[in-house]
Amino acid sequence: QVQPVESGGGSVQAGKSLSLACAAAGSTGSIGAMAWYRQAPGKQRELVAAISSRDVIQYSDSVKGRFTISRDNAKNAVYLWMGNLKPEDTAIYFCAMSDLEVLTGPYNYWGKGTQVTVSS
């Protein structure tokens, strides 16, 4: 069973940057797509960025050009660098991993989430 564990997050001012990391604990085997989702208060969870094991990448329009997703297959880890943060980026960010290579999911394994708060 794969268990993603997030780290990073916190509170920053608008315009600053922040990095998130997620590593897979447990019996990992071969992991397919990895992704970051976020959920703001009162809103549905949305896909922020996803990356396949061969580094095919997809971003949501709201973060394109500001966020960068990357992964380390040897470490079964995925990262999210968030630049030029805006108050609307405030949300709980979730790491997700899949046995498949479909960037839009569904994702089998989910982390517990880490809070990112951006103040104006």
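Criteria and cut-off values
- Residues numbered from 1 in each chain as written.
- Predicted model: local features only at pLDDT ≥ 70, side-chain atom pairs only at ≥ 80, totals over all residues.
- Heavy atoms only, no water.
- Phe/Tyr/Trp six-rings, centres within 6.5 Å; stacked < 30°, edge-to-face > 60°.
- Helix = DSSP H or I, 4+ residues; strand = E, 2+ residues; numbered from the N terminus.
- Buried < 20%, exposed > 50% of the residue type's maximum accessible area, 1.4 Å probe, protein only.
- Contact = heavy atoms within 4.5 Å.

If you had to explain the packing of aromatic side chains to someone new, which residues and values would you point to?
Evaluation of the coordinates by the stated rule reveals three aromatic pairs. Centroid distance Y37 to Y107: 5.8 Å. Interplanar angle 80°. Geometry classified as edge-to-face. Taken together, the positions of Y37 in strand β4 (residues 34-39) and Y107 in the loop between β9 (91-97) and β10 (109-110) put the pair 70 residues apart, joining distant regions of the chain. Where Y107 meets W110, the ring centres are 6.4 Å apart and the plane angle is 75°; that geometry is what we call edge-to-face. Using a relative accessible area of 29% as the deciding quantity, one classes W110 as partly exposed. Following the ring pairs from residue to residue traces out a cluster consisting of Y37, Y107 and W110.

Got a sec to walk through the environment of I51? Specific residues and values, please.
The residue I51 is located in strand β5 (residues 46-51) in this model. Non-local contacts of I51, meaning those with residues more than four positions away in its chain, are made with G32, A33, M34, V56, I57, I69, S70, R71, V78 and L103.

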